[in-house]
Amino acid sequence: MNDKYREDLMAALDVVPSGSSIAVGGFGSSGRPDALLNALCDLDKRDLHVIVNNVGDDYTGIGRLVVEGRLRRFTGSFPILQTFYDDYFAGRVELELIPQGTLAERMRAGGAGIAAFFTPSAAGTMLSDGTFPLTYADGRPADHLPAKELRDFDGRPHVLEHGITADFGLVKAHQGDRLGNLRFRLSARNFNPLAAMSGRTTFAEVEQLVAVDAIAPDDVHLPGVFVKHVVMTAAPVPASAEYTASMRGAA
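Residues numbered from 1 in each chain as written. Predicted model: local features only at pLDDT ≥ 70, side-chain atom pairs only at ≥ 80, totals over all residues. Heavy atoms only, no water.

Visitor: Can you walk me through the environment of Asp42 in this structure?
Guide: Here Asp42 is to be found in helix H2 (residues 34-42). Sequence separation between Asp42 and Met10 is 32 residues; the distance between their C-alpha atoms is 8.5 Å. Sequence-distant contacts of Asp42, that is, excluding residues within four places in its chain, are made with Met10 and Arg64. Within the structure, Asp42 has its side chain in polar contact with the side chain of Arg64 (distance 2.9 Å). (Helix = DSSP H or I, 4+ residues; strand = E, 2+ residues; numbered from the N terminus. Contact = heavy atoms within 4.5 Å. Polar contact = N/O pair within 3.5 Å; in protein donor to acceptor, adjacent residues only side chain to side chain.)

Here's what the structure looks like:
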């Protein structure tokens, strides 16, 4: 048996170098792999390119990475945290904004080995015509997302989108076994399987570590072939005290 369970979460995740691209599961705080995200912070990983549906609205999870200045680039749909926008307009982080359905399909495509696909989403908008600011400098746009190839299908314009593959995937499951087979719960299933598929090396934190064969084959939401390491989950840890104090002072 290829036992993928790792008792020491910190030691297992320390293989992630600063500068990595990381696909992260979760839908808001539902199914967010906080134990893994906290470990990235505690291991002082920086300059990260995070691919995730949303930043969140507090200083846990992705928000902790933001407030501690660990992001180089955010690829996703809903960066609603004000601190993120402060960094974006100050030129400290790049923003690749993607429609939510397109993000899901790009991650799935990358995991399935599909190089690219056409979609009508974002056609005719600044997300596809080369005018959306990727970065800012001195209060002005410094660089832009590149214009995307446009093609007509059945009289409707479509844009070319590329599949996403990340160096690592971080996900959270309700149940998992030592082979890496995972079962998610309710809305936590939305992006977690996709993030796991798109990561070249995927870590899964699980709420319940169950025996092999405890999850019925028809109930496996993600097969273990997509998962390299399995760890147990832990309670969320907020941002460091000095950052929390600074945020309160700025409010």
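Visitor: Would you explain the side chain of His158 in this entry?
Guide: Within the secondary structure, His158 sits in strand S9 (residues 156-162). A polar contact of 2.9 Å, which involves the side chain of His158, links it to the backbone oxygen of Arg156. When near neighbours in sequence (up to four residues on either side) are disregarded, His158 contacts Phe118, Thr119, Pro120, Glu149, Leu150, Arg151 and Phe153.

Visitor: Would you explain empty space enclosed by the protein in this entry?
Guide: Unoccupied space between atoms shows up once a probe the size of one water molecule is rolled over them. Using the criterion set out here, one finds one cavity of 30 Å³ or more in the structure. By volume, the largest cavity is sized at about 40 Å³. Looking at side-chain class alone, the lining of the largest cavity contains three nonpolar, five polar and one charged residues. (1 Å grid on protein atoms, 1.4 Å probe; cavity = no way out; pocket = protein on both sides within 12 Å on 5 of 7 lines; lining within 4 Å. Points joined across faces, edges and corners; volume = space filled by probe spheres on them. Nonpolar A, V, L, I, M, F, W, Y, C, P; charged D, E, K, R; others polar.)

Visitor: Help me understand the sheet that holds S9 in this model?
Guide: Adjacent strands of a sheet pair through backbone hydrogen bonds, lying either parallel or antiparallel. Spatial strand order, S5-S9-S8: three strands in an open sheet with antiparallel pairing. In this open sheet, the two edge strands, each paired with only one partner strand, are strand S5 (116-119) and strand S8 (150-153). Strand after strand, the sheet turns through a mean of 40° between neighbouring axes, direction not considered. Sheet analysis places S8 next to S9, joined by four bridges and oriented antiparallel. (Pairing = 2+ DSSP bridges. Axes fitted to C-alpha atoms, helices over the stretch in contact; angles between N-to-C directions.)

Visitor: Teacher, can you tell me more about the nonpolar core here?
Guide: A general tendency of soluble globular proteins is for nonpolar side chains to be buried together. Counting 36 residues, the largest nonpolar core has Leu40, Ile62, Leu65 and Phe84 as the members making the most contacts within it. The element best represented in this core is H2, accounting for six residues. Once residues within four sequence positions are removed from consideration, Ile62 is found in contact with Val24, Arg32, Leu37, Val50, Val52, Asn54 and Val55. Core analysis: the next-biggest nonpolar cluster, separate from the first, contains 22 residues, Tyr5, Ile51, Phe191 and Val206 among them. (Core = buried A, V, L, I, M, F, W, Y, C linked by side-chain atoms within 4.5 Å. Buried < 20%, exposed > 50% of the residue type's maximum accessible area, 1.4 Å probe, protein only.)

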